[in-house]
Amino acid sequence: MTHTHANLVGSLWMVAGMALFAIEDALIKAAAQGLPMSQILVIFGAGGATIFAGLAKAQGLALFPEEAKAPAVRVRVFFEVFGRLFYFLALALTPLSSATVILQATPLVVVGAAALVFGETVGWRRWVAIGIGLAGVVVIVRPGGDSFSVLSLLAVAGMLGFAGRDLASRAAPAGLSTILLGLYGFLTVIAAGGFYAIYEQRAFVLPEGSSGLALGAAIVTGVFAYTALMKAMRTGEVSAVTPFRYTRLLFGVALGVLAFGESIDGATWLGCGLIVLSGLFIMLRGKVAAR
């Protein structure tokens, strides 16, 4: 397979993965209309963990090898719990479109934090781009404005949790396969649900009707989305495939408008543009610096 063909296939896998992740978000939001969020987290995590555990056993992998005890893995678990909990709450309580847009700032935070934590070189141009992208988040959240809602900070907290998870993943032992990392990720969702159940104080109910179907579909969709993402990252060049992560924004906004009747105002579009353009610029600068 030529580089051009591999990049094309990888890009298609990435677009498919982002579409599936957006659908998963919409299904979680739909399920939250009839089920306690703590129950959604527990069932979603258990379903995904069961599937990934099955895949790991089918490949003869030990579910909890010695590498899983590494400090970086423990840090990753903490941030995964934090990110999953607050992002799922954002999906349930805020517009899908705005939560999706804010999530796209994750790579900006990862690049900036990598410079501080791992000593990676980040030139002034990329620092400016990071600042502009984060300003886009502020534009969307609009603190101090008449339309500001403290609930919008849920998506920001979720985004920061995912950024911490991604940073910890860089430091995780190379011997841990992506399947095992996927397993641990879904196990942390169960933990997040357990923690939130203590706060939520709502009894679990039998999943049925549209909420039950939505949750079941979300589990299956999430596994396929993760698989497509791994296919994308392993097929094409990272620099060619990664920019297509931003297609998740298009799918998320479209589902928010079509499925939930959300409206997108000018400030959200402006913030969206700042985040995406900053992210693409950082990727371009990173590619140039690597030459």
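About the thresholds
Residues numbered from 1 in each chain as written. Predicted model: local features only at pLDDT ≥ 70, side-chain atom pairs only at ≥ 80, totals over all residues. Heavy atoms only, no water. UniProt positions renumbered as here; feature names shortened; annotations may be inferred. Domains from an automatic or database assignment. Contact = heavy atoms within 4.5 Å. Buried area = accessible area lost by both parts, 1.4 Å probe. Salt bridge = Lys/Arg side-chain N within 4 Å of Asp/Glu carboxyl O. Polar contact = N/O pair within 3.5 Å; in protein donor to acceptor, adjacent residues only side chain to side chain. Helix = DSSP H or I, 4+ residues; strand = E, 2+ residues; numbered from the N terminus. Nonpolar A, V, L, I, M, F, W, Y, C, P; charged D, E, K, R; others polar.

The protein appears in an unreviewed UniProt entry as EamA-like transporter family protein from Shimia isoporae. Per UniProt, the comment on the protein under Subcellular location (unreviewed entry) is "Membrane". As recorded by UniProt, the Sequence similarities (unreviewed entry) comment attached to the protein reads in full: "Belongs to the drug/metabolite transporter (DMT) superfamily. 10 TMS drug/metabolite exporter (DME) (TC 2.A.7.3) family."

It is common to give the size of an interface as the accessible area that goes away when the parts come together. What the domain assignment reports for the protein is domain 1 (1–35 + 205–260), domain 2 (37–70 + 173–203) and domain 3 (83–170 + 262–290). One C-alpha centre belongs to domain 1, the other to domain 2, and the line joining them spans 19 Å. Each partner contributes to the interface: domain 1 provides 14 residues, whereas domain 2 provides 14 residues. Each partner contributes to the roughly 1,300 Å² buried at the junction of domain 1 and domain 2, and carbon and sulfur atoms together form 75% of this total. By the criterion of area lost to domain 2, the three top residues of domain 1 are Leu35, Ile219 and Tyr226, representing 39% of everything that side buries. On inspection of domain 1 and its partner domain 2, the count reaches zero salt bridges. Summed over the shared surface of domain 1 and domain 2, the result is two residue pairs in polar contact (both at pLDDT 80 or more). At the level of elements, helix 1 (3–31) and helix 9 (209–235) are the ones that each hand at least two residues to the side of domain 1 that touches domain 2. Take the side of domain 1 that touches domain 2: its biggest share by element is seven residues, from helix 9. Taken together, the residues of the side of domain 1 that touches domain 2 break down into 12 nonpolar, no polar and two charged.

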